[in-house]
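Residues per chain, in single letters:
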Amino acid sequence: MARGLSAEELTTIRAGLAAGRRPRVQFTESAGQVAGQIGQVVDLADPAAGDDFVVVRFGKDELPFSPGDLRVAPRGAAAKKAVPAPPPPPAPPMPEFVIDKPPAPPAAPKSEERPVTDTAPPAQRKATRPVKAKPAPALTVTLAYGEGEWTVAASQGSKVLAKPYVVRPAEALRIVSLVDVPGVQEAVEHILAAERAEAEQQAQRLRAELAEVEARLAELGEAGGKP
């Protein structure tokens, strides 16, 4: 059994680490499958913490080892390449398991080829994805007020179903009452109140004009009846 690192060699390695060097070591047989490989000591931990206190960089890994697993690498020693384990032999092919497999039908002559119809039962046919129906365009009904008239129009998408036509104020108020939106019905009632006030003023003017006309007719009648 090969000896490992001695106390003097550990002291020399510690001094080399303090000087910024990374002493090279070689793994002994007690290190297992990496025996003979070359590594670099990157740190010496506290021996009191355990036997594996020599940290060695091997490839991309840094692993702790005991002094017995290492020895000073001889000059000119090259790392032994690890021999990869041979791949396992391929598994023998499994025998084909066939239950009443019918023989393949003979190919028909090209001169007698005919189109084959689908005689498979519905359960064996490939399921087709259902076609989604295209949604209908949105229907829009518009109630508008302008120039003293209420109008209603209807359209579906870009198609005009009904051009704006005039409705009575009472019908407009009934339509708006179906819309439960705060402020809409109040706005319509305000418009109707303004129209009502304007109509009353116009009626008063017409009454006054009618009274003047009737008075004029009375005067003309009296004038025409004198001798």
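Structure: above.
Just so you know, these numbers come straight off a predicted model, no measurement behind them.

Asks: Which parts of the structure should I look at to understand the overall build of the chain?
Replies: What the chain contains, in helices and strands, is 3 helices and 8 strands. Secondary structure elements of the chain occur, N-terminal to C-terminal, as α-β-β-β-β-β-β-β-β-α-α. By the burial criterion, 18% of the 227 residues in the chain qualify as buried. Counted over contacts in the chain with a minimum sequence separation of 6, partners at least 24 positions apart contribute 39%.

Asks: Help me understand the pairing of strand 7 (residues 149-156), please; the structure alone is not making it clear to me.
Replies: One face of the sheet, then the other: side chains in a regular strand alternate in exactly this way. In the sheet, strand 7 pairs with strand 8 (residues 159-167) via 6 bridges, with the strands oriented antiparallel. Considered in strand 8, the bridge of Ala 154 is made with Ala 162. Adjacent in sequence and paired antiparallel, strand 7 and strand 8 are bridged by 2 residues, among which Gly 157 carries a positive phi angle near 65°.

Asks: What is the right way to read the layout of surface pockets from this model?
Replies: For the largest pocket, the calculated volume is near 150 Å³. With 3 residues, the top contributor of residues to the lining of the largest pocket is helix 1 (residues 7-18). Counted by class, the lining of the largest pocket contains 4 nonpolar, 1 polar and 3 charged residues.

Asks: How do you make sense of the packing of aromatic side chains when you look at a structure like this?
Replies: Aromatic ring pairs are described here by two measures, namely the spacing of the ring centres and the angle between the planes. Taken as a whole and judged by the stated rule, the model has 2 aromatic pairs. Ring centres 5.5 Å apart and planes at 85° place the aromatic pair Phe 27 and Phe 58 in the edge-to-face group. On the criterion of sequence distance, the pair formed by Phe 27 in strand 1 (residues 24-27) and Phe 58 in strand 3 (residues 54-58) is long-range, its members being 31 residues apart.

Asks: What is the right way to read the pattern of salt bridges from this model?
Replies: Any two side chains of opposite charge can pair, given that their charged atoms come close. All told, the structure shown has 3 salt bridges when counted by the stated rule. Glu 62 is paired through a salt bridge with Arg 57; the nearest N and O atoms lie 2.4 Å apart. A relative accessible area of 42% places Glu 62 in the partly exposed class. Taking the shortest distance from any N to any O, the salt bridge between Arg 216 and Glu 219 comes out at 3.6 Å. Taken together, the residues Arg 216 and Glu 219, both in helix 3 (residues 184-224) and 3 residues apart, mark about one turn of the helix. On the basis of relative accessibility, which here comes to 48%, the residue Glu 219 falls in the partly exposed class.

Asks: How do you make sense of a nonpolar patch on the surface when you look at a structure like this?
Replies: Residues Leu 178, Val 179, Val 181 and Val 184 make up a contiguous nonpolar surface patch of about 340 Å² in total accessible area. Locating Val 179 in the fold gives a position in the loop between helix 2 (169-177) and helix 3.

Parameters and conventions
Residues numbered from 1 in each chain as written. Predicted model: local features only at pLDDT ≥ 70, side-chain atom pairs only at ≥ 80, totals over all residues. Heavy atoms only, no water. Helix = DSSP H or I, 4+ residues; strand = E, 2+ residues; numbered from the N terminus. Buried < 20%, exposed > 50% of the residue type's maximum accessible area, 1.4 Å probe, protein only. Contact = heavy atoms within 4.5 Å. Pairing = 2+ DSSP bridges. 1 Å grid on protein atoms, 1.4 Å probe; cavity = no way out; pocket = protein on both sides within 12 Å on 5 of 7 lines; lining within 4 Å. Points joined across faces, edges and corners; volume = space filled by probe spheres on them. Nonpolar A, V, L, I, M, F, W, Y, C, P; charged D, E, K, R; others polar. Phe/Tyr/Trp six-rings, centres within 6.5 Å; stacked < 30°, edge-to-face > 60°. Salt bridge = Lys/Arg side-chain N within 4 Å of Asp/Glu carboxyl O. Patch = residues over 30% accessible without salt bridge, like charges linked within 9 Å, V, L, I, M, F, W, Y side chains within 5 Å. Areas by Shrake-Rupley, 256 points an atom, 1.4 Å probe, with all protein chains shown as cover.

Functional significance is not addressed by these values, which are geometric in nature.
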